[in-house]
Amino acid sequence: METERYCRLHLQLHQCFKCYGGFIARHPLGFIIIPFLASVILGSGLLFFQPAEDNFEESFAPLWSEALDHTHLIESMYHFDGNNAQIQHKTVSGLYGHAIITDKNNDCILTETSLHDVVLLHNFVMNLKIKLLDKEIKYDELCLKWDKQCHRSAIINLIRYNQSLVLNGNFTYPEFTPEWSRNLTIFLGYDLGGVSFSPDYHIECAKAIHLTYYLRYDTESDIIIGEEWEDVFQKEVSNFTSESLRIYTMTSRGVIKLINISTKTLLGRFSVAFLLLILFVIGTCAMLDCVRSKACLSCLGVLSAALAVMASFGLLTYIGIPFQNIVASSPFLVIGIGIDDMFLMVAAWRKTDVTKSTEHRMKEAFSEAAVSITITSITDALAFGIGAITPFYSIRIFCLYTGVAVVFDYLFQITFFAGCMALMGYREEKNLHVMTCRKVLPKDEAPSTAYRIFCAGGSNPNKTPKESDHEATQHVIMNFFRDKYGPFLTSIFVVPLVVLLYIAYLGASIWGMTQLVEGLTLSRLAPYGSYAADYYDVTQEYFSTYGPPVAIVVTEEVDYSDQFVWDELRSTLYVLEKSRYFHDCCSALWLDDYLSYLITVNGSRIRETSVTELFKGDNVRMFLQQPAYQKYSADIVFDNSTGNIVSSRFYVIPKDASTSNSQKDMMLEARKIVSRSSLPMIAYSNVFPYYEQYVAVLPNTIQNLGIAVGAMFVVSIVMLPNLLSSIFMCFSLASIIIGIIGFMSLWKVTLDLISMINLIVSIGFTVDFSAHIIYAYLTGPERTPRKSAIHALYTMGMPISQAAISTILAILILMTSDTYIFICFFKVMTLVMAFGALHGLVFLPVFLMILIHPDKKCCEVEQQGTAKEVETERGESNAGFHSDEPYIVRQDSAPYTISERDSQD
């Protein structure tokens, strides 16, 4: 009963598309002109195309996360003033120029010559100027200031104060307390790298010096001017000449600008990919028959996909959806999807009877192909729709652009390309040449060999159709799948080998999944061989020991005069410093310094004052006015009405947080430690919003894949002939995804936002390959599993092969990029095509043959319906046949099918 219900729905879809195909055949020009005009009108939006400049925090951090909540909380409590702030107070990365300096011979850089050039470089940066309204502006007018002084690297201050001290190594690392100020501690962990020191921590040698220049970003004008200064810094410092130094530079927008350049270069190569695709489709769709060749039709299929991309991108540009660099790979992908659909429609057309009218052939082609491309288009659109609800902004934008383009591609395939197919059908019906559109003779009437090769083709209306006439309409590759590959794959000797191959594939995939690495670091985003990549490499080599400071923030008002609060704060700091993720130095608790200050200043009189009064605003503010303790002034927030401390913070330094896994673990460990305290505390750093992706990528990937598989299952229940086939398709989908994830780790691709996008994309493609084979297997005319598997390969083997190769060709140009975003896309999509084709052409036919018997009921009902149509159109031809099979006519004109021929053979 359930099978009959599926059959009825299946046949209703067939009937709807059959009627629609006939309607197109009667009005082909309208279906060509209207979509073309629509694409021109919508595509005009590209004239206003302006790529949005990516922001790492917005693009790669989850839209809702604990770190972002903490960012808003801290910004509401601690006012950031670029004229009175320290580096650790920033809640965003801000604007900056960095320079890492090493010796050209990789020797110790703490030499007189090197330090002399370092100071020259620093002075050079300080004197860099930008022009604004005929006014020259230098760094000290733009810089982030503390105590009315521009931020400077600690090593510069040390060299300026006493260069001989640096040359002789008379200072400790990473912290140094100078003799001239016992209350001042200088932290050098961020300024010197590749350090070797004596047992008493006095420096013996350092291989690198890090100079940092931070700019204000309080207002929009600050940001505009600061970005201009960054451009000057990058250009001028890169050109700074020194005989002893090698300089590596970076700015806050350095990676973004390089990716923008790579994206423009890649989009400029779109024409090359387009040409490769056209050559491929012409080569695979052309035939020696100059009437029935589909070379021109295949080019129109590529044009249809290109028009869909133009229309969809233009529409989204009109309505103000920003275009990010990551979307640059979308056109290549959508073109590949469109060509896949075109191959299916051409294959369905080839299976129709050449003796029938164009309208009849359009009905038959659409009744088969339109259902298949509808299934795959729905699954592709669903996959991108699911991706559009992820908490990552960059993925949302990519999925929105690509999902809308897929919908437009489907609409253009069943309108523009369908109209083109109908016109080509009328040309073929009149025996017109594929290029010149002039009437030509059939091959058996060709007056010469040259005419037979370059001009002849089509049917001879004066002769009775023969089996050879039908064979002439079939592509040699289709015949190969039917006559050679299909029987070989389904033979009793090969089937066990296929099963063993699948077991090996599954085992290797699962093992590869255990090797998967999570996270996308900024260093991987930098284009290969660029100055940014060099900067991140030398940073990893010399400056990975000390990570960005982590603030431990008491978010609510507590009684700091209570001994319990003192103990909780000290205990939290102690646990953090003893953790393997943080250094046990370089941190300072303002409370300890305040208590020491009280004892020093008040002496014995401290006992005469109420402890509660000592922690009132006036007393603490007096403490913060002392030069040695001014560094804490931005870390304590007072209630102006009561004078009580409503929030305070202190900092700890991460240890060796250089990889995505260590960064994620460090963040989670800090949060875990502070959550154990009875005080209301949070752990925060301005890099935590970016680190959140490492936590969110895996669960979101699993969630999206799970939702997608469920959605595909629902669609397959509606579109495929029975429930068992839907279950089988989902199993195939899961198998392909496991292979992709497993082998992408073996290909040095991490699980990150970029590969997550690709996995979402892969869902649609894997459904395409699986659904086509399963659909052809279950709805074919054969009655035995083996013959049904061979028929499925005969029907879909060539389109699947063409789809896989054409998609790889479409994205092949991405391999020439120097950016991880596009290289990753190429690698993962290549795996998608390879494993999708492997399942569709090897595993699925064998497992379908073993596990599922063809659904006879659907076939029988469909045959009854088509038989009636054959009877009504018998007058058009003297060859009676079943319209869902390739038909051949015996000499006595009795119906003769390929399946009957095979059984006789």
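Just above sits the structure.
What comes next concerns the included structure. (Residues numbered from 1 in each chain as written. Predicted model: local features only at pLDDT ≥ 70, side-chain atom pairs only at ≥ 80, totals over all residues. Heavy atoms only, no water.)

**Comments concerning the packing of aromatic side chains**
Counted according to the given criterion, the structure contains 45 aromatic pairs. Both rings, one in Phe23 and one in Phe31, keep their centres 5.8 Å apart while their planes meet at 85°; by these two values the pair is edge-to-face. Judged by its relative accessible area of 38%, Phe23 is partly exposed. Ring centres of Tyr502 and Phe847 lie 5.2 Å apart, and the angle between their planes is 85°; on these two criteria the pair is classed as edge-to-face. Linking Tyr502 in helix α18 (residues 494-514) with Phe847 in helix α30 (residues 820-851), this pair joins segments that are 345 residues apart in sequence. (Phe/Tyr/Trp six-rings, centres within 6.5 Å; stacked < 30°, edge-to-face > 60°. Buried < 20%, exposed > 50% of the residue type's maximum accessible area, 1.4 Å probe, protein only. Helix = DSSP H or I, 4+ residues; strand = E, 2+ residues; numbered from the N terminus.)

**As for a nonpolar patch on the surface**
A contiguous nonpolar surface patch, about 630 Å² in accessible area, is contributed by Leu29, Ile33, Phe36, Leu37, Val40, Ile41 and Leu423. No other element matches helix α2 (residues 28-43), which puts 6 residues into the nonpolar patch. Locating Leu29 in the fold gives a position in helix α2. You can call Leu29 exposed: its relative accessible area is 52%. (Patch = residues over 30% accessible without salt bridge, like charges linked within 9 Å, V, L, I, M, F, W, Y side chains within 5 Å. Areas by Shrake-Rupley, 256 points an atom, 1.4 Å probe, with all protein chains shown as cover. Salt bridge = Lys/Arg side-chain N within 4 Å of Asp/Glu carboxyl O.)

**Section: helix α24 (residues 617-624)**
Because each turn of an α-helix spans 3.6 residues, side chains separated by three or four positions end up pointing in the same direction. Burial in α24 covers these residues: Gly617, Val620, Phe623 and Leu624. Seen along its axis, α24 keeps its buried residues to an arc of 125°; they face one direction. (Arc of directions from axis to C-beta.)

**Looking at the state of the cysteines**
Evaluated as defined, the whole model comprises 1 disulfide. Across a sulfur-sulfur distance of 1.8 Å, Cys143 and Cys150 are joined as a disulfide pair. Measuring the twist about the S-S bond at about -70°, one finds the Cys143-Cys150 disulfide to be left-handed. The buried category is assigned to Cys150, whose relative accessible area is 13%. Here Cys455 stays unpaired: no disulfide links it, and the sulfur of Cys290, its closest cysteine neighbor, is 6.3 Å away. Given a relative accessible area of 26%, Cys455 falls into the partly exposed group. (Disulfide = S-S within 2.5 Å.)

**Considerations on the pairing of strand β13 (residues 550-554)**
Summarising burial for β13: 5 of the 5 residues are buried, a large majority. With burial as the criterion, each face of β13 is covered, one bearing Val550, Ile552 and Val554 and the other bearing Ala551 and Val553. In terms of strand pairing, β13 meets strand β15 (residues 645-652) through 5 bridges, oriented antiparallel. In the strand pairing of β15, Ile552 is matched with Phe650. Sheet topology places β13 next to strand β16 (residues 681-684); 4 bridges connect them, and they run antiparallel. Bridge pairing links Val554 to Met681 in β16. (Pairing = 2+ DSSP bridges.)

**Quick word on helix α11 (residues 295-318)**
Taking 1.5 Å per residue as the helical rise, α11 with its 24 residues ought to reach 34 Å, and the 35 Å between its terminal C-alpha atoms agrees with that figure. Residue Gly320 follows α11 closely and has a positive phi angle near 90°. (Expected span 1.5 Å × (residues − 1).)

**Description of the sheet that holds β16**
Each strand in a sheet pairs with its neighbour through backbone hydrogen bonds, running either in the same direction (parallel) or in the opposite one (antiparallel). The 4 strands lie next to each other as β14-β15-β13-β16, forming an open sheet whose pairing is antiparallel. The sheet is open, and its two borders are formed by β14 (636-638) and β16, each paired with just one other strand. Between one strand axis and the next, the sheet turns by 15° as a mean value, whatever way the strands run. Its contacts with the sheet place α24 against β14 and β15, and it is angled at close to 145° to β14. Packing against the sheet, helix α25 (residues 660-675) makes contact with β13 and β16, and its axis sits at approximately 165° to β16. (Axes fitted to C-alpha atoms, helices over the stretch in contact; angles between N-to-C directions. Contact = heavy atoms within 4.5 Å.)

**Observations concerning the nonpolar core**
In this structure, Trp229, Phe366 and Leu569 are the most contacted members of the largest nonpolar core, which totals 261 residues. Sort the elements by how many residues they give to this core and α30 lands first, with 21 residues. Leave out the neighbours within four places in its chain, and Trp229 touches Gly97, Val125, Leu128, Ile130, Tyr139, Leu142, Tyr213 and Leu215. Ile74, Ala551, Tyr651 and Ile682 belong to the second largest nonpolar core, which has 8 residues in total. (Core = buried A, V, L, I, M, F, W, Y, C linked by side-chain atoms within 4.5 Å.)

**Some points on the packing of α11 against helix α14 (residues 393-429)**
Between α11 and α14, whose axes approach to 7 Å, the crossing angle comes to 145°. Both α11 and α14 take part in a crossing whose hand is right-handed. The class makeup of the residues in the contact of α11 with α14 is 22 nonpolar, 5 polar and 1 charged. (Left-handed = near helix turned anticlockwise from the far one by under 90°. Nonpolar A, V, L, I, M, F, W, Y, C, P; charged D, E, K, R; others polar.)

**Some words on the side chain of Ser817**
Take Ser817: it is sitting in the loop between α29 (785-812) and α30. The buried category is assigned to Ser817, whose relative accessible area is 8%. There is a polar contact of 3.1 Å between the side chain of Ser817 and the backbone nitrogen of Thr819. Ignoring anything within four residues of it in the chain, the contact list for Ser817 reads Leu266, Arg269, Phe822 and Ile823. (Polar contact = N/O pair within 3.5 Å; in protein donor to acceptor, adjacent residues only side chain to side chain.)

**Considerations on the pattern of salt bridges**
Here the structure, examined in full by the defined rule, presents 17 salt bridges. Where Lys363 meets Glu359, a salt bridge forms, and the shortest distance between an N and an O atom there is 4.0 Å. Pair noted here: Lys363 and Glu359 are both in helix α13 (residues 358-387), with a separation of 4 residues, about one helical turn. By relative accessible area, Glu359 is classed as partly exposed at 24%.

**Let's talk about the environment of Ser377**
For Ser377, the location among the structural elements is in helix α13. Between the alpha carbons of Ser377 and Gly403 there is a distance of 9.6 Å; along the sequence they are 26 residues apart. Setting aside chain neighbours within four positions, we find Ser377 in contact with Asp341, Val406 and Tyr410.

**Things to note about the environment of Glu236**
Note on placement: Glu236 falls in helix α8 (residues 220-238). Looking at Glu236, the relative accessible area reads 30%, which means it is partly exposed. Taking the C-alpha atoms as reference points, Glu236 and Phe124, 112 residues apart in sequence, are found 9.1 Å from one another. In contact with Glu236, other than residues within four places in its own chain, are Phe124 and Leu128.

**Re the side chain of Thr555**
Inspection of the secondary structure assignment puts Thr555 in the loop between β13 and α21 (563-578). With residues near it in sequence (within four places) discarded, Thr555 still touches Leu73, Met77, Val646, Ser647, Pro680 and Ile682.

**Overview of the sheet that holds strand β1 (residues 95-103)**
Across the sheet, which stays open at both edges, the 4 strands sit in the order β8-β11-β1-β12 with antiparallel pairing between neighbours. Each edge of the open sheet is held by one strand with a lone partner, namely β8 (192-193) and β12 (245-251).

**As for unusual backbone geometry**
Geometrically, the link from Tyr173 to Pro174 is a cis peptide bond, its omega value of 10° lying close to zero. Residue Asp147 is not a glycine yet carries a positive backbone phi of 55°. Checked against the element boundaries, Asp147 lands in the loop between β4 (145-146) and β5 (149-150). Overall, the relative accessible area of 45% leaves Asp147 in the partly exposed class. Unlike most non-glycine residues, Lys748 shows phi in positive territory, near 65°. With respect to the helices, strands and loops of the structure, Lys748 is situated in the loop between α27 (723-746) and α28 (753-779). Look at Lys748 and you get exposed, because its relative accessible area is 64%.

Any functional reading would require information beyond the geometric quantities listed.
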